[in-house]
Amino acid sequence: MRRKEIISVLFASILILSVFSFVSAGMLSNTFRKTQITGETIESACSDSDNGKDYFTKGTIIGGGVSFVQYDYCLLLTSTGQTDVTSCEASDSNCKLHEFYCEEGIRKGVRVSCDYGCSDGICNPVPTQTSCSITLTIREGETHEIDGKTIKIEFMDATRVKMNIAGELTSSLSEGGSEELSDGKIITINDFYFPKDANETGNVTFTLPLNSCSQESICTDSDGGINYNAKGTVKWTSNTGSTNTEDYCQGNTLYETYCQYSTTQSITHDCTREGKVCSNGACVSKPIEDICLDTDGGINIYVSGKAYNPNDTSYVIKDSCQDEYYLIEASCISHGVILGEPKYCDFGCKEGRCLYANETNKNLSTCQDSDGGIEFYIQGEVKTSFSNVSSVDKCSEDGKTLVEYYCSSKPTTGASAAVKPYLCKNGCKNGACIKIQDMNKTHDKNQTETQDKNQTQNKTQEQNLNQGQSNKNLSSVDTGENCEFGCMMNEKCYPFGYRKAKQYCSDSNEFTPQTINEDSCENNFECRSNLCIDDECVNQGAFTRMMNWFKNSLGKKK
C-alpha cells in the first residue's frame, strides 16, 4: 500500500472514533440528567437518642439523610469486612462498638474499642470488684447471717431449690444454676442434697460474693467448716490477738463453730433430727441397746410376725414358710437375741403362719378321745366325724399287750384314729393296763421319792443319749432279780429309756422294739433314729438337712 493510502485510512479511523465518542457522551449526559430529574430528595432532621457519642448507652438514630432507623451495635472486624455480633470480649482486638451520631444534620458513625468488651450496642461498664466470696452449706430449716442478711433455703422438689436472702426469694435453681440479686451480686448453686425420707435433712452448698473481706485476720477450722459429725476447733488470729473455740454440747444441742470471711461464726444444731445424740462436741449415733421385740407376742404359729431390735433394724427375722407344711417361727429367746425355730403346721403353712383346719378344708375330719389321748391305764373310746365306727382300747389275746387308740391329725385328712400297741407291765384287762395297788402310805411315800429320784436320773441319762454319748457310759441299776424301775436282760437291770439291739427299756419293765420313721412316739429313745418330733419318729438325715438349711437361712440378714 502506498503512503498516501495509509494516511487516508488513518484519517478515516480517527474521524469514526470522534463521532462515536460524541454520540456516547450525549447519551450518558441524557441519562444522568434523567436521574437527577426523577430521583427523590430526602430532607429530614438527624435525631440521636443517646445524644451523640455515648458509648455506654445504646442509641437510636433517625434521619440525617437516610430513610431507615439504625441502632448502635457490636461487631467483629474480619479480613473481608465485619460481622455483627450480640457481644464480644475485650481480649479480642477485633471487637468494636459501632456508635452512630449526628453532625451538622448528617448521620455519621464511628467504630471504637471497649476496655471491657461490647454487649448489645454498648461498651461494658467497669466490673464491680469484690475482695472475696464465701461458699457455705446450709441445711433446711437453718438460718445463716452473711453481710448482715439472713439466708435460708426452700426445696421445691428433688432437683430445684429457692434461696431466701433477706426476704428476697430467687427463682427455682438447679445444681450449677445462678441468679443475680437485687444488689448486683450473683449467687451460684454448687450442689444440694434432697432428703429421701422424714429422718433426713436436705442441704444446699452455694457461693456468694461478699461486700468486703478482711485480710488482717486468719481463721481455720479443724473439722473443715460446718461439720456436725466431728468435733472441731476454730483458731482465729489477727493483729490484735488470737482465740481458740471448740464445738460443744448442751444436752442434745450442738454448738458448732466455723469460719466465715476470716471471722469466727457459730450455729446451733439439734442432733436428734438425725436420730443421734450430742456427745463431746459432735452428733454421734445412739448406742444400740440389747432389746428384742416379737410382734406376734412370742411363739404364735397362727399369727405372722417378726422379731427385731428396734434400735438396729438391719437384722430382722420374719415368720416365713420353709415349705408347704413347715413354718420358721421368729421369736426372742433372750434379751436382744433372736431365733427362728421350725414348726410343723398340721394344715399347711401360708404367708408366714400355720393355717387352721377350716382354712384349708372345711370338711376335714374331727376326732374325740374319751381318755384324753394316749392313756394306758384308762380304757378310752375314739370317735371321728369321718366314720360312725368307734374304736375302743382293748387287750390282745395274750393278756399283756394293750391296743391303745388315740387321735392323730394329718394335713390332708384332718383328725383320725391312730393305734399304739403297748406292753403292760402287770398285764392288760378291760382295755387298760393293770395298776398295782400300794400296800400302805409309807410305801407310797418311799416309792414316790424313789421314783422321783430315778426319773431324774433317767432324764439325765436320756439327755446323755440324745447328745450322742455311748450307752456304755450307763451302768445297770441292779444286777439281781429286783428290777422295779428298769428292764432285765441277761441278768442285768437296765434303766428306762436304755437302748439295746434296736430295742428300748419301756415303762412296762420290758425291752420293746424301736419304731421306724413316721410311727407315733413320745420320747426320742422310742425311735430307731433317736428323733421324736411332734409325736412322730423323724429320719435323722432329713432332720439334719432341714437344720442345715435353717442355719444357712439364719446366717443371712434380711
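My aim in this report is to walk through the structure given alongside it, one point at a time.

**Quick notes on the overall build of the protein chain**
In terms of regular secondary structure, the protein chain is built from four helices and 49 strands. Across the 558 residues of the protein chain, 33% fall into the buried class. Restricting the contact set of the protein chain to residue pairs at least 6 apart, pairs at least 24 apart contribute 43%. Summing over all exposed atoms, the protein chain offers an accessible surface of approximately 34,200 Å²; the carbon and sulfur share of this is 50%.

**A few points about a nonpolar patch on the surface**
Judged by side-chain polarity, Ile62, Val69 and Tyr71 come together as a nonpolar surface patch covering roughly 280 Å² of accessible area. Here Tyr71 is to be found in strand 3 (residues 70-71). Given the relative accessible area of 47%, Tyr71 is considered partly exposed.

**As for the packing of aromatic side chains**
Applying the stated criterion across every chain, the model contains eleven aromatic pairs. The interplanar angle of 75° and the centroid separation of 5.9 Å between the aromatic rings of Tyr494 and Phe511 together place this pair among those described as edge-to-face. Residue Tyr494 is found in strand 44 (residues 492-495), and its partner Phe511 is found in strand 47 (residues 511-513); the two are separated by 17 residues along the sequence. The two residues Tyr494 and Phe511 agree in class, both being buried. Put simply, the rings of Phe155, Phe192 and Phe194 pair up and form one aromatic cluster.

**Focus on the sheet that holds strand 3**
Backbone-to-backbone hydrogen bonds pair the strands of a sheet. The strands run either parallel or antiparallel. One open sheet holds the three strands; their spatial order is 1-2-3, and the pairing between them is antiparallel. The open sheet has two free edges, formed respectively by strand 1 (47-48) and strand 3, since each of these has just one partner strand. By the bridge criterion, two bridges tie strand 1 to strand 2 (residues 60-62) in an arrangement that is antiparallel. Considered in strand 2, the bridge of Asp48 is made with Ile61.

**Looking at the nonpolar core**
Ranked by internal contacts, the top residues of the largest apolar core, which has 17 residues, are Ile151, Met163, Val204 and Phe206. Those elements giving two or more residues to this core turn out to be strand 13 (149-155), strand 14 (161-165), strand 17 (186-193) and strand 18 (203-209).

**Looking at the state of the cysteines**
Under the counting rule described, the total for this entry stands at 16 disulfides. Disulfide pairing is shown between Cys74 and Cys118; the S-S distance is 1.9 Å. Where Cys74 bonds to Cys118 through sulfur, the torsion about that S-S bond is close to -80°, and the disulfide is left-handed. In this pair, Cys74 sits in strand 4 (residues 73-78) while Cys118 sits in strand 9 (residues 118-119), placing the two residues 44 residues apart along the sequence. Of the two residues examined, Cys74 and Cys118, each falls in the buried class. Between Cys487 and Cys505 runs a disulfide, and the two sulfur atoms are separated by 2.1 Å. Judged by the sign of its S-S torsion, about 90°, the bond between Cys487 and Cys505 is right-handed. Taken together, the residues span a long stretch of sequence, with Cys487 in strand 43 (residues 486-489) and Cys505 in strand 46 (residues 503-505) at a distance of 18 residues. According to the relative accessible area criterion, Cys487 is buried, its value standing at 0%.

**Focus on the sheet that holds strand 15 (residues 168-169)**
The strand order across the open sheet formed by four strands is 12-13-14-15, and the pairing between neighbours is antiparallel. Two strands in the sheet have a free side with no partner beyond their single neighbour: strand 12 (144-146) and strand 15.

**Considering the side chain of Glu526**
Tracing the backbone through its elements, the reader meets Glu526 in the loop between strand 47 and strand 48 (532-533). A relative accessible area of 6% means that Glu526 is categorised as buried. A polar side-chain atom of Glu526 sits 3.0 Å from a polar atom in the side chain of Asn523. Apart from residues lying up to four places away in sequence, Glu526 is in contact with Lys420, Tyr504, Gln514, Thr515 and Cys521.

**Description of the pattern of salt bridges**
Counted under the stated rule, the structure contains eight salt bridges. Its salt-bridge partner being Asp157, residue Arg160 comes within 2.8 Å of it at the nearest N-O pair. For Asp157, a relative accessible area of 25% corresponds to the partly exposed category. Close ionic contact of Asp183 with Lys185 constitutes a salt bridge, the shortest N to O distance being 3.6 Å. Salt bridges sharing partners connect three or more residues here, namely Lys149, Asp183 and Lys185.

Basis of the calculations
- Counting restarts for each chain: residues are numbered from 1 in the order of the written sequence.
- Local features in a predicted model are, by the rule used here, given only for residues with pLDDT of at least 70; side-chain atom pairs are given and counted only at 80 or more, and totals for whole chains, interfaces and linings are based on all residues.
- In computing side-chain values, all of the structure's heavy atoms are included and hydrogens and water are not.
- Only DSSP runs of H or I covering at least 4 residues are called helices, and only runs of E covering at least 2 are called strands; the numbering of each starts at the N terminus.
- Residue burial is assigned from relative accessible area. The probe radius is 1.4 Å, only protein chains are included, and a residue is buried under 20% of its type maximum, exposed over 50%, and partly exposed in between.
- Residue contacts are counted whenever heavy atoms from the two residues lie within 4.5 Å of one another.
- Using a 1.4 Å probe, accessible areas were evaluated by the Shrake-Rupley method; residue-level cover was limited to the displayed protein chains.
- Nonpolar side chains (Val, Leu, Ile, Met, Phe, Trp, Tyr) within 5 Å and like charges within 9 Å form the patches, drawn only from residues with over 30% relative accessible area and no salt bridge.
- One side-chain nitrogen of Lys or Arg within 4 Å of one carboxyl oxygen of Asp or Glu is enough to make a salt bridge.
- Pairing of aromatic side chains here covers Phe, Tyr and the six-membered ring of Trp, requires ring centres within 6.5 Å, and sorts the geometry by plane angle: under 30 degrees stacked, over 60 edge-to-face, intermediate tilted.
- If DSSP finds at least two bridges between two strands, the strands pair.
- We call a set of buried residues a nonpolar core when its members are Ala, Val, Leu, Ile, Met, Phe, Trp, Tyr or Cys and they connect through side-chain atoms within 4.5 Å of each other.
- Two cysteine sulfurs form a disulfide in these notes if their separation is within 2.5 Å.
- Pairs of N or O atoms are called polar contacts if they sit within 3.5 Å, as long as, within protein, a hydrogen donor faces a hydrogen acceptor (for residues adjacent in sequence, only side-chain-to-side-chain pairs).

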